[in-house]
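Residue-level listing of the chains:
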Amino acid sequence: MIIVIRPNSTQAEIDHVLERIRELGFKPHLSQGEHRTIIGVIGDESQLQAEPLAAIAGVEQVLPIMKPYKLASRDFNKKDTVVAVGKVRIGGGSMAMIAGPCAVENREILDEIAGHVKRAGANLLRGGAFKPRTSPYSFQGLGEEGLKILQDTGRKHDMPVVTEVMDPRQIPLVERYADMFQIGARNMQNFDLLKEVGQTTKPVLLKRGMSATVKDLLMSAEYILSEGNPHVVLCERGVRSFEESTRNMLDLSAVPNVKGLSHLPIIVDPSHATGRPDLIPSMACAAVAAGADGVHIEVHSCPEKALSDGPQALLPPRYAEVMECMRRLAEVMGKTF
Ligand code: PEP
Ligand code: MN
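Attention in this report is confined to the structure presented alongside it. (Residues numbered from 1 in each chain as written. Chains lettered and ligands numbered in written order. Predicted model: local features only at pLDDT ≥ 70, side-chain atom pairs only at ≥ 80, totals over all residues. Heavy atoms only, no water.)

**Quick look at the overall build of the chain**
The number of helices and strands found in the chain is 11 helices and 14 strands. If one aligns the C-alpha atoms of the chain with their principal axes, the spans along those axes are about 75 × 40 × 40 Å. Within the chain, buried positions represent 52% of all 337 residues. Across the chain, every contact between residues at least 6 apart in sequence was considered, and the portion connecting residues at least 24 apart equals 68%. Split by element, the accessible area of the chain, about 15,300 Å² in all, is 52% carbon and sulfur. Between the centroid of the 39 positive side chains of the chain and the centroid of its 41 negative side chains there is a distance of 4 Å. (Helix = DSSP H or I, 4+ residues; strand = E, 2+ residues; numbered from the N terminus. Buried < 20%, exposed > 50% of the residue type's maximum accessible area, 1.4 Å probe, protein only. Contact = heavy atoms within 4.5 Å. Areas by Shrake-Rupley, 256 points an atom, 1.4 Å probe, with all protein chains shown as cover. Lys, Arg positive; Asp, Glu negative; His and termini not counted. Charge placed at Lys NZ, Arg CZ, Asp CG, Glu CD.)

Here it is in structure tokens:
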């Protein structure tokens, strides 16, 4: 950690900073130049809080050297983490192609959609049984019945299943039926929920909050990792912006950005990012080209009858075309799915 001292600070203030550092069990290293004074703090930085030091008179800035997300950081693990969901591998050259409807609606429709996406090459089936809807009057999901349908359909089509868990109280139930938990954008900073899924051994798909920075996303991943669950996959799904013609603003730079900062796999969800079937195909392909470890797309065989997110659902033939394009790009990127 480096402490930058204000230009006009007094010697007494500097002495106080040095004393405080020693009191905390660290060794200060004073460097007094002609114009600036800085203090290097020597010791295990993970045991030192930057904020209280920034409150000392005479301190201009405290610059941590270590990342605040330690376990999620690339420094902690130089190699890419590979997360296993059933027989599917995510990361290290293997891609998660997640597809399915926004919500599980009934057995017949899910079976039909699952058949289509499986034939197109999807390897993970999605579908919400607990839906985080903006309006309490909108379809909230089928709950346990939806989970059962999802599990049965996944087994029938030989695809592990991923579904959202919205509340710590739902964890034991969702855990029984799902192969992977999804933490939705609205819950990315529900720290109690993160801690609880962190205490399970199931893989977690952690979606970026709509107003979260990349650092916020990694801090949320840290909550899960620090509880002992190392199986975390991140998901870029767009952030809020001033643009009104798309649902959110897809931050594709988050993919290489996260890859530099973290060893965790990151996938992209162009469905919720754009909210527009005409934009999803190109953004899905761009995600593969940007180095994503997977792509998550909502597909429905009859979008006009969908109980949630119908307007952004891709029809199965269009999904199959996009998958073909992504397959070719994945090959160029040295990846497979
Ligand atoms: C979803 O995956 O259906 C969903 C609600 O996603 P998000 O949390 O990214 O909005
Ligand atoms: Mn949705």
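**Structural notes on the site of ligand 1**
Near ligand 1 there are 13 residues, and of these Arg126, Gln182, Ala185, Arg186 and Arg237 occur at the shortest range. With respect to ligand 1, the side chain of Arg237 contributes an N or O atom lying 2.7 Å from an oxygen atom. Here an oxygen atom of ligand 1 and a side-chain polar atom of His272 are 3.2 Å apart. A total of 300 Å² of accessible area belongs to ligand 1 in isolation, and the protein chains cover 97% of it. Looking at the shell around ligand 1 residue by residue, the class counts come to three nonpolar, three polar and seven charged. (Near = heavy atom within 4 Å. Polar contact = N/O pair within 3.5 Å; in protein donor to acceptor, adjacent residues only side chain to side chain. Nonpolar A, V, L, I, M, F, W, Y, C, P; charged D, E, K, R; others polar.)

**Remarks on the pairing of strand β10 (residues 180–183)**
Of the two faces of β10, the one holding Met180 and Gln182 and the one holding Phe181 and Ile183 are both buried throughout. By the bridge criterion, three bridges tie strand β9 (residues 161–164) to β10 in an arrangement that is parallel. Across the sheet, residue Glu164 finds its bridge partner in β10, namely Gln182. The handedness of the β9 to β10 crossover, carried by helix α5 (residues 171–177), is right-handed. Sheet topology note: the β10/strand β11 (residues 204–207) ladder contains three bridges and is parallel. Note on β11: the bridge partner recorded for Phe181 is Val204. Between the parallel pair β10 and β11, the chain is carried across by helix α6 (residues 191–198), and the sense of this crossover is right-handed. (Pairing = 2+ DSSP bridges. Right-handed = clockwise from strand over helix to strand, strands pointing away.)

**Points about the environment of Ala212**
On the secondary structure map, Ala212 appears in the loop between β11 and α7 (214–226). For Ala212 and Met188, which are 24 residues apart along the polypeptide, the C-alpha to C-alpha distance reads 8.4 Å. Excluding anything up to four places from it in sequence, Ala212 contacts Met188 and Val239.

**Some thoughts on the packing of α6 against α7**
For the pair α6 and α7, interaxial distance at closest approach is 7 Å and the crossing angle is 40°. Taken together, the axis directions place α6 and α7 in an arrangement best described as oblique. Regarding α6 and α7, the two cross each other, and that crossing is right-handed. Across from Phe191, Leu194, Lys195, Val197 and Gly198 in α6, the residues of α7 making contact are Ser220, Tyr223 and Ile224. A class-by-class count of the residues in the contact of α6 with α7 yields five nonpolar, two polar and one charged. (Axes fitted to C-alpha atoms, helices over the stretch in contact; angles between N-to-C directions. Parallel < 35°, antiparallel > 145°, perpendicular 65-115°, else oblique. Left-handed = near helix turned anticlockwise from the far one by under 90°.)

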